[in-house]
Amino acid sequence: MAPKPNYYHELNSVAALLTQRVAQVEELSDEFRKEIRNLQRDAQVASSKFDELARRTERLEARMEKWETRIWGVSAAVILSLLSAIVGLAVTLWKK
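Residues numbered from 1 in each chain as written. Predicted model: local features only at pLDDT ≥ 70, side-chain atom pairs only at ≥ 80, totals over all residues. Heavy atoms only, no water.

K.L.:
Kindly report on the overall build of the protein, identifying the contributing residues and their values.
P.N.:
Along the backbone of the protein there are 1 helix and 0 strands. For the protein, the spread of C-alpha atoms along the three principal axes comes to 140 × 20 × 10 Å. For the protein, the accessible surface area stands at approximately 9,400 Å², while carbon and sulfur atoms represent 64% of it. In the protein, which carries 15 positive and 13 negative side-chain charges, the distance between the mean positions of the two groups comes to 13 Å. (Helix = DSSP H or I, 4+ residues; strand = E, 2+ residues; numbered from the N terminus. Areas by Shrake-Rupley, 256 points an atom, 1.4 Å probe, with all protein chains shown as cover. Lys, Arg positive; Asp, Glu negative; His and termini not counted. Charge placed at Lys NZ, Arg CZ, Asp CG, Glu CD.)

Below, the structure is given as C-alpha cells:
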C-alpha cells in the first residue's frame, strides 16, 4: 500500500470541520423554522384580534351615529320649546 500524502490529514480535518459547520447550520435552520412558526402563529393571533377590534369599532361607530341623531333631535326639541316659552312669556307680558 502506498503511503498517503501529507495533505490527506489536512483534508480530513477540513472535512471534519465542514461536517461540524453543516451540523451547526442545520441546527440553526431548525431553530429558525421554529421561530418562523411561532411568528406566524403570533401573526395569526394578532390578525384575529385586529379583526375583532375592527368589528367592535364598526359597531361602536354605528351606535355613535344613532346617538348623534338622537341628540340632535332632542337638542332641536329643547331649543324649540325654549323659544316657544319665551314667545309665550313675551305675548303674556305684552298683553299686560
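K.L.:
Before we move on, can you summarise a negative patch on the surface with the specific residues and values?
P.N.:
Taken together, the side chains of E58, E61, E65 and E68 present a region of like negative charge at the surface. The residue E61 is located in helix α1 (residues 7–95) in this model. Residue E61 is classed as partly exposed on the basis of its relative accessible area, which comes to 46%. (Patch = residues over 30% accessible without salt bridge, like charges linked within 9 Å, V, L, I, M, F, W, Y side chains within 5 Å. Salt bridge = Lys/Arg side-chain N within 4 Å of Asp/Glu carboxyl O. Buried < 20%, exposed > 50% of the residue type's maximum accessible area, 1.4 Å probe, protein only.)

K.L.:
Summarise the packing of aromatic side chains; cite the residues concerned and give the values.
P.N.:
Following the criterion strictly, the structure yields 0 aromatic pairs and no others. Positioned above the aromatic ring of W67, the side-chain terminus of R70 is 4.9 Å from the ring centre. (Phe/Tyr/Trp six-rings, centres within 6.5 Å; stacked < 30°, edge-to-face > 60°. Lys NZ or Arg CZ within 6 Å of the ring centre and 35° of its normal.)

K.L.:
Describe the pattern of salt bridges, with residues and values.
P.N.:
Evaluation of the coordinates by the stated rule reveals 3 salt bridges. Salt-bridge contacts for R33 lead to D30; the nearest nitrogen and oxygen are separated by 2.9 Å. Separated by 3 residues within a single helix, R33 and D30 lie in helix α1, roughly one turn from each other. Look at R33 and you get partly exposed, because its relative accessible area is 44%. The salt bridge partner of R55 is E52, with a shortest N-O separation of 2.9 Å. Of the two residues, R55 and E52 both sit in helix α1, 3 residues apart, roughly one turn of that helix. Judged by relative accessible area, which is 43%, R55 ranks as partly exposed. Several salt bridges share partner residues, and in doing so they unite E52, R55 and R59 into one network.

K.L.:
Account for a nonpolar patch on the surface, naming residues and giving values.
P.N.:
The grouping of I79, L80, L83 and I86 at the surface amounts to a nonpolar patch, some 410 Å² of accessible area in total. Note on placement: L83 falls in helix α1.

K.L.:
Give a description of the environment of E26 that names residues and reports values.
P.N.:
Tracing the backbone through its elements, the reader meets E26 in helix α1. Judged by relative accessible area, E26 falls into the partly exposed class, the value being 49%. Through-space distance from the C-alpha of E26 to that of A76 is 74 Å; in sequence the pair is 50 residues apart.

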